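The chain contents come next:
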Amino acid sequence: MIDQILEEIRRYETIIIHRHVRPDPDALGSQGGLASLIRDNFPGKRVYIVGEETEDLRFLVRMDEIADSAYAGALVIVCDTANQERVSDSRYSCGARIIKIDHHPLVDSYGEPQWVETSASSTSEMITSIYRNHPELVLTGQAARLLFAGIVGDTGRFQFSNVTEETFLSAAELMKKPFDRQKFFDTLYQRKLAVVRLNGYVLQHFTLTDEGVGFIKLPLDLIHSFHLQSSDASTLVNCFSTTEGLKAWVLFSEEEGLIRARIRSKGPEINQLAARYHGGGHPLASGATVYSWDEADGLIADLKVLCSRT
Ligand SMILES: [Mn+2]
């Protein structure tokens, strides 16, 4: 599959790389890392990365602004995005061909070829494997930093169950390249004071049920009282994950007109449940959307049923 993808990359002059909306380090790391890998090994090709930026992760990589006309005859590669709805920048379908590179369970078939490896910790680990299979390729410190960021992000610093021997071998390979790892970690995990205060609120106020379900509801007015946006709350999803007796948990943060549910688990598989609430994701880490606090209570009730079975 890797050779097939390299072959396609060789065939196109313009390559535009997309990833999912509300990007995380793996989305940006796989997107930016792949772009670097192509630019550094196939000089002369036009390689662009597109999608909305988020303030917190701008330090990783910046996006390109391109005209619609750039898509004419272009190869589009979509990284880390299971379904087409979640692709950032709807122009992804305007190229000559789409390739999907992803590690989420296959929910939406798009692209040809589709390279999907659910056993990979991250899409960044998959991109790293291109280099590991072709050590003759140039991999710069900047590319290594992005791919390392993606692996670190999706594995919670190498502690989640998605970590395999391949994950460490990939990270070891990336660490051979020159980038400032300490500065990277310091910047990635630095938080605004207001977020640290909200973290304190969540720790004080989350509920733990007898079934082992943890949840916290963050209405918009509460988030605003901390001078934060709903998206700022997303970084707090794991802040009470070490609580004894916790099996699965959800952080609800309200936005204009909807409530985002970030669901995590230590055992019970929660992606089917997320799919019933307009979402999806991995067996132990998913996202969903509900449209009222009543619906949020429904999700919690379903999660309790799931947890009482295990
Ligand atoms: Mn990912």
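Residues numbered from 1 in each chain as written. Predicted model: local features only at pLDDT ≥ 70, side-chain atom pairs only at ≥ 80, totals over all residues. Heavy atoms only, no water.

The name given to the protein chain in an unreviewed UniProt entry is Bifunctional oligoribonuclease/PAP phosphatase NrnA, with the source organism recorded as Sporolactobacillus shoreae.

1. Digging into the UniProt feature "domain: DHHA1" (unreviewed entry) in the protein chain
Using the following cut-off: UniProt positions are given in the numbering used here, feature names are shortened, and annotations may be inferred rather than shown by experiment. Helix numbers and strand numbers start at the N terminus; a helix is a DSSP run of H or I with at least 4 residues, a strand a run of E with at least 2.
Per the UniProt record, "domain: DHHA1" (unreviewed entry) is annotated on residues 230-304. The annotated region residues 230-304 carries 29% helix and 32% strand content, and the separation between its end C-alpha atoms amounts to 25 Å.

2. Here's the deal with helix H1 (residues 2-11)
The cut-off we apply is this: Accessibility here uses a 1.4 Å probe with only protein chains present; expressed as a share of the type maximum, an area under 20% marks a residue as buried, one over 50% as exposed, and anything in between as partly exposed. The arc in question is the one spanned by the directions pointing from the helix axis to the C-beta atoms. Throughout, a contact is declared for two residues whenever any of their heavy atoms are within 4.5 Å.
Among the residues of H1, Ile-2, Ile-5, Leu-6, Glu-8 and Ile-9 are the ones counted as buried. All buried residues of H1 lie within an arc of 160° about the axis, which places them on one face of the element. Tucked into the core, H1 has its buried residues touching strand S1 (14-19), helix H2 (25-41), strand S3 (75-79), strand S4 (97-102), strand S5 (114-116) and helix H3 (123-133).

3. A closer look at the sheet that holds S4
The line we're drawing: At least two bridges found by DSSP between two strands is the condition for calling them paired. Between the N-to-C directions of two axes lies an angle of 0 to 180 degrees, each axis being a line fitted to C-alpha atoms and, for a helix, fitted only over the stretch in contact.
In spatial order, the strands read S2-S1-S3-S4-S5; together these five strands make up an open sheet with parallel pairing. At either margin of the open sheet sits one strand with a lone partner, and together these are strand S2 (46-49) and S5. The mean inter-strand angle of the sheet, taken between neighbouring strand axes irrespective of direction, is 15°. By the bridge criterion, three bridges tie S4 to S5 in an arrangement that is parallel. Counted as the bridge partner of Asp-102 is Val-116 from S5. Against the sheet, H1 makes contact with S1, S3, S4 and S5, and its axis sits at roughly 145° relative to S4, the strand it touches most. Packing against the sheet, H3 makes contact with S3, S4 and S5, and its axis sits at approximately 110° to S4.

4. As for the pairing of strand S8 (residues 248-255)
The buried count for S8 comes to seven of eight residues, which makes it a mostly enclosed element. Where strand S7 (residues 213-218) meets S8, six bridges bridge the pair, whose relative direction is parallel. Within the sheet, the bridge partner assigned to Leu-218 lies in S8 and is Ser-253. Two strands pair when backbone bridges link them, and S8 and strand S9 (residues 258-265) are joined in this way by eight bridges, in the antiparallel orientation. If you follow Glu-254 over to S9, its bridge partner there is Ile-259. The turn linking S8 back onto S9 is made up of two residues, and Gly-257 within it adopts a positive phi angle of 80°.

5. With respect to the packing of H3 against helix H5 (residues 165-175)
Rule in force here: Note: crossing handedness is left-handed where the near helix turns anticlockwise from the far helix by less than a right angle, and right-handed where it turns clockwise. The nonpolar class holds Ala, Val, Leu, Ile, Met, Phe, Trp, Tyr, Cys and Pro. Asp, Glu, Lys and Arg form the charged class, and all remaining residues, Gly among them, are polar.
Closest axis-to-axis distance for the H3/H5 pair is 10 Å, and the angle between their directions is 65°. Considering how the two elements wind past one another, H3 and H5 form a crossing that is left-handed. Here Glu-125, Thr-128, Tyr-131 and Arg-132 of H3 come into contact with H5, specifically with Glu-166, Thr-167, Leu-169, Ser-170, Glu-173 and Leu-174. Residue classes in the contact of H3 with H5 are distributed as three nonpolar, three polar and four charged.

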